[in-house]
Amino acid sequence: RSFLDKKFPEERVVELAQSGEGWDPAAWAEIAGLGWLGLSSPEDAGGAGMGFLEEAVLFEEMGRALLPGPYLSTVALSLPVLEKSPELLAKAVSGEATFTLGWAEPTGSALLADVMGDQGTGTKAEEAGDGWTLSGEKVLVPDLALASHVLVTARSPEGVGIWSVNREDAKTTEVSTLDSTRRYGNLSLAGTPATLVVSPADAAEVLERIRLRALAALAVEGVGVAQKALEFALTHAKERNQFGKPIGSYQAVSHQVANSYVALELARSLAYWAAWCVAEGDEQAAVAASAAKAVAAEAAVEGCERAIQVLGGIGFTWEHFAHRLYKRAQWIDAFEGFGTTHRAHVADKVLA
């Protein structure tokens, strides 16, 4: 937290969010030097040999700091793929390369859960000499402009696999999105050189691991966002005086802060349960990840809304940081389906 507070104070986050580049590569090198990119990677790949539960602590702090950078896309979305390629994994852990995953397509589902379906992947992979080429289009690729490599789901004659593409070899288009600290992009491939990383035989298992890691990571990140929003509300409620008393002494304000705290603590409990289940490969991982994502995302959204209300006129201004937290919370809420989608998944598992 102290590192992120120093390197990414609110004014620095705003500066990066409004810049063309969108992130700080120099700080990314420091993050790599701290070992944050390979906590769950094996020691022989330069990692720490720990697990996803340790990474969860970082995801919470990344959410609280609203880090602009490809941490989610490299660590949550890409590491399960990179484990199949020691060379690429070493580059990711050292910070030499950054990665993201492209799976959604213009005419198909945007859900990771649907990639292996008949209509989930239209991008074609064809053998070309000793390598491969890819043709197709991927949309809503997280942190695309910040990644040096894109891991792309594509369909070969043997089935759906995952290939690595150098971003500079493909055509990319930045997409206008709600959260400028985590940008989307579209990727166009036309006979683009690619390297097979995950074979069709292993793709379903790897993609499910990615999905569960992403849901759990975003749940914990949502906890960090909700924590920061609560801190804003609590500080303002203590310092802002009205009618000779701090506004926090009035129930209309104190109840908002209390409700945010209760929701945050429930979300934190679920998020770390999900992180533990994912780390241990527990049989409840799918239920835990869906439950945590639904609850934590809504705690973040509602926590930001309550904070904006408590802050009053200040909270509605462009200059205040609250709206940036609110936008990240909504990004988290929308990823891989809103809360209703995940509650239905939990219900199916519990009532089966």
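I will try to describe carefully the structure that is included in this document.

1. Points about the pairing of strand β3 (residues 131-142)
1) Next: Where strand β2 (residues 124-128) and β3 come together, five bridges link them in antiparallel fashion. Bridge pairing links alanine 125 to leucine 134 in β3.
2) Next: Between β2 and β3, which follow one another and run antiparallel, lie two residues, and glycine 129 among them has a positive phi close to 65°.
3) Next: The sheet contact formed by β3 and strand β7 (residues 184-198) spans nine bridges and is antiparallel. Bridge pairing in β7 links valine 141 to glycine 185.

2. Quick look at helix α11 (residues 322-334)
1) Next: End to end, α11 covers 19 Å across 13 residues, agreeing with the expected 18 Å (1.5 Å per residue, within 8%).
2) Next: Where burial is concerned, most of α11 is hidden: ten out of the 13 residues are buried.
3) Next: Burial in α11 covers these residues: Ala322, His323, Arg324, Leu325, Lys327, Arg328, Ala329, Trp331, Ile332 and Asp333.
4) Next: Following α11 by one or two positions, glutamate 336 adopts a phi angle in the positive range, close to 55°.

3. Brief notes about the nonpolar core
Nonpolar side chains tend to gather and get buried jointly when the protein is soluble and globular.
1) Next: Core analysis: the largest hydrophobic core is formed by 102 residues, its most contacted members being Phe59 and Tyr71.
2) Next: With 20 residues, the single largest contributor to this core is helix α8 (residues 200-239).
3) Next: With residues near it in sequence (within four places) discarded, tyrosine 71 still touches Trp28, Trp36, Leu37, Leu58, Phe59, Met62 and Ala76.
4) Next: Core analysis: the next-biggest nonpolar cluster, separate from the first, contains 14 residues, Leu134, Val150, Val165 and Ala170 among them.

4. Side note on unusual backbone geometry
1) Next: A positive phi is found at leucine 66, a non-glycine position, where the angle reads about 60°.
2) Next: Here leucine 66 lies in the loop between α4 (52-65) and α5 (71-76).
3) Next: Residues other than glycine seldom take positive phi values, yet phenylalanine 243 does so here, at roughly 55°.
4) Next: Here phenylalanine 243 shows up in the loop between β8 (241-242) and β9 (245-246).

5. Concerning the packing of aromatic side chains
1) Next: The full count for this structure, using the stated rule, is nine aromatic pairs.
2) Next: Where tryptophan 103 meets phenylalanine 335, the ring centres are 6.0 Å apart and the plane angle is 75°; that geometry is what we call edge-to-face. Residue tryptophan 103 is found in the loop between β1 (99-102) and β2, and its partner phenylalanine 335 is found in the loop between α11 and α12 (339-351); the two are separated by 232 residues along the sequence.
3) Next: Relative accessible area serves as the criterion here: at 5%, tryptophan 103 is assigned to the buried category.
4) Next: One aromatic cluster is present, formed by Trp103, Tyr184, Trp331 and Phe335 through successive ring pairs.
5) Next: One Lys or Arg, arginine 182, reaches over the ring of tryptophan 331 and ends 4.9 Å from the middle of that ring.
6) Next: Sitting above the plane of the phenylalanine 232 ring, lysine 228 keeps its charged end 5.3 Å from the centroid.

6. As for the environment of aspartate 44
1) Next: Of note, aspartate 44 is situated in the loop between α3 (25-33) and α4.
2) Next: Put simply, aspartate 44 and glycine 303 are 259 residues apart on the chain and 42 Å apart in space, counted from C-alpha to C-alpha.

7. Things to note about the pattern of salt bridges
1) Next: Going through the model one piece at a time under the given rule, you end up with 20 salt bridges.
2) Next: A salt bridge links arginine 183 to glutamate 174; the shortest N-O distance between them is 3.5 Å.
3) Next: Its salt-bridge partner being glutamate 298, residue arginine 343 comes within 2.5 Å of it at the nearest N-O pair. Of the two residues, arginine 343 is situated in helix α12 and glutamate 298 in helix α10 (residues 285-311); the sequence distance between them amounts to 45 residues.
4) Next: Overlapping salt bridges bring together Asp179, Arg182, Glu221 and Arg328 as one network.

8. Here's the deal with α10
1) Next: An ideal rise of 1.5 Å per residue puts 39 Å on 27 residues; α10 measures up with 38 Å between its terminal C-alpha atoms.
2) Next: In terms of burial, α10 is a largely internal element, 22 of the 27 residues being buried.
3) Next: Of the residues trailing α10, glycine 312 is marked for its positive phi of about 70°.

Cut-offs used in this document
Residues numbered from 1 in each chain as written. Predicted model: local features only at pLDDT ≥ 70, side-chain atom pairs only at ≥ 80, totals over all residues. Heavy atoms only, no water. Pairing = 2+ DSSP bridges. Helix = DSSP H or I, 4+ residues; strand = E, 2+ residues; numbered from the N terminus. Expected span 1.5 Å × (residues − 1). Buried < 20%, exposed > 50% of the residue type's maximum accessible area, 1.4 Å probe, protein only. Core = buried A, V, L, I, M, F, W, Y, C linked by side-chain atoms within 4.5 Å. Contact = heavy atoms within 4.5 Å. Phe/Tyr/Trp six-rings, centres within 6.5 Å; stacked < 30°, edge-to-face > 60°. Lys NZ or Arg CZ within 6 Å of the ring centre and 35° of its normal. Salt bridge = Lys/Arg side-chain N within 4 Å of Asp/Glu carboxyl O.

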